[in-house]
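Secondary and tertiary structure notes
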Amino acid sequence: MKLEKKIQLKNIEHDKEVVERLVDENLNGKLDKYLQKFNGEDIEGVLSLVLETSKVGFNGTLNVTIDGNSFHYAREDYKKLDDLINHLFDHLKEGLSQK
């Protein structure tokens, strides 16, 4: 599978390395077994993650499209950026487990 990652950071560009590391850890650790069912050279996927600051913390949106399956998750006002990212990927894991 070819998975294109698009990460957009609004007002938190200084955390880019941390965000990319957390995305990779979630994809390769938490989701690797769930993504194996989409294995194949002809399968393409797009992961789009948008993160921004809010008045009390961080907002995030995760959109994933894999082999015609779409997943959308959004959360607001998380105090910790890493908790927000991990929470979004937890929901993606649940969605993938139902496919």
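The structure displayed is predicted, hence computed values, not measured ones.

Quick notes on the overall build of the protein chain
The secondary structure content of the protein chain amounts to three helices and four strands. Secondary structure elements of the protein chain, listed N to C terminal, follow the sequence β-α-α-β-β-β-α. Taking 99 residues into account, the globule formula puts the C-alpha radius of gyration at 13 Å, and the protein chain, at 13 Å, falls close to it. When contacts within the protein chain are restricted to residue pairs at least 6 apart in sequence, those whose partners lie at least 24 apart make up 55%.

Here we look at the sheet that holds strand β1 (residues 2-10)
Spatial ordering of the open sheet is given by β1-β2-β3-β4, a layout of four strands whose pairing is mixed. Only two strands of the sheet have a single partner each, and these edge strands are β1 and β4 (69-78). Between one strand and the next, the sheet's axes are offset by a mean angle of 10°, whatever the strand orientation. With eight bridges connecting them, strand β3 (residues 58-66) and β4 associate as antiparallel partners. Across the sheet, Val-64 pairs through a bridge with Phe-71, a residue of β4. Taken strand by strand, helix α1 (residues 16-30) contacts β1 and β2 (44-53), and its axis lies near 145° from that of β1. Docked against the sheet, helix α3 (residues 81-97) engages β2, β3 and β4, running at close to 150° with respect to β4.

Focus on the nonpolar core
The biggest cluster of nonpolar side chains holds 26 residues, and the ones touching the most others in it are Val-19, Leu-49, Leu-51, Leu-62, Phe-89 and Leu-92. When residues of this core are traced back to their parent elements, those giving at least two are α1, β2, β3, β4 and α3. If we ignore the near neighbours within four places in the chain, the residues touching Val-19 are Ile-7, Leu-9, Leu-49, Leu-51, Leu-81 and Ile-85.

Details of a negative patch on the surface
Negative charge collects at one region of the surface, where Glu-4, Glu-41, Asp-42, Glu-44 and Asp-67 lie side by side. Here Asp-42 shows up in the loop between α2 (32-35) and β2. What makes Asp-42 exposed here is its relative accessible area of 71%.

Some points on α1
Residues separated by three or four positions in an α-helix point in the same direction, a consequence of the helix having 3.6 residues per turn. Here α1 spans 20 Å end to end across 15 residues, near enough to the 21 Å set by a 1.5 Å rise per residue. Lining the buried residues of α1 we find β1, α2, β2 and α3.

Focus: the pattern of salt bridges
Using the criterion set out here, one finds three salt bridges in the structure. For Asp-24, the salt bridge is made with Lys-5, and the minimal N-O distance between the two is 2.5 Å. Linking Asp-24 in helix α1 with Lys-5 in strand β1, this pair joins segments that are 19 residues apart in sequence. In this structure Lys-5 comes out as partly exposed when scored by relative accessible area, which is 41%. Glu-25 is the salt-bridge partner of Arg-21, the closest N and O atoms lying 3.0 Å from each other. With Arg-21 and Glu-25 both in helix α1 and four residues apart, this pair spans about one turn of that helix.

Conventions we followed
- Residues numbered from 1 in each chain as written.
- Predicted model: local features only at pLDDT ≥ 70, side-chain atom pairs only at ≥ 80, totals over all residues.
- Heavy atoms only, no water.
- Helix = DSSP H or I, 4+ residues; strand = E, 2+ residues; numbered from the N terminus.
- Rg over C-alpha atoms; globule rule 2.2 N^0.38 Å.
- Contact = heavy atoms within 4.5 Å.
- Pairing = 2+ DSSP bridges.
- Axes fitted to C-alpha atoms, helices over the stretch in contact; angles between N-to-C directions.
- Core = buried A, V, L, I, M, F, W, Y, C linked by side-chain atoms within 4.5 Å.
- Buried < 20%, exposed > 50% of the residue type's maximum accessible area, 1.4 Å probe, protein only.
- Patch = residues over 30% accessible without salt bridge, like charges linked within 9 Å, V, L, I, M, F, W, Y side chains within 5 Å.
- Areas by Shrake-Rupley, 256 points an atom, 1.4 Å probe, with all protein chains shown as cover.
- Salt bridge = Lys/Arg side-chain N within 4 Å of Asp/Glu carboxyl O.
- Lys, Arg positive; Asp, Glu negative; His and termini not counted.
- Charge placed at Lys NZ, Arg CZ, Asp CG, Glu CD.
- Expected span 1.5 Å × (residues − 1).

Such coordinate-based values are descriptive only and should not be taken to indicate function.
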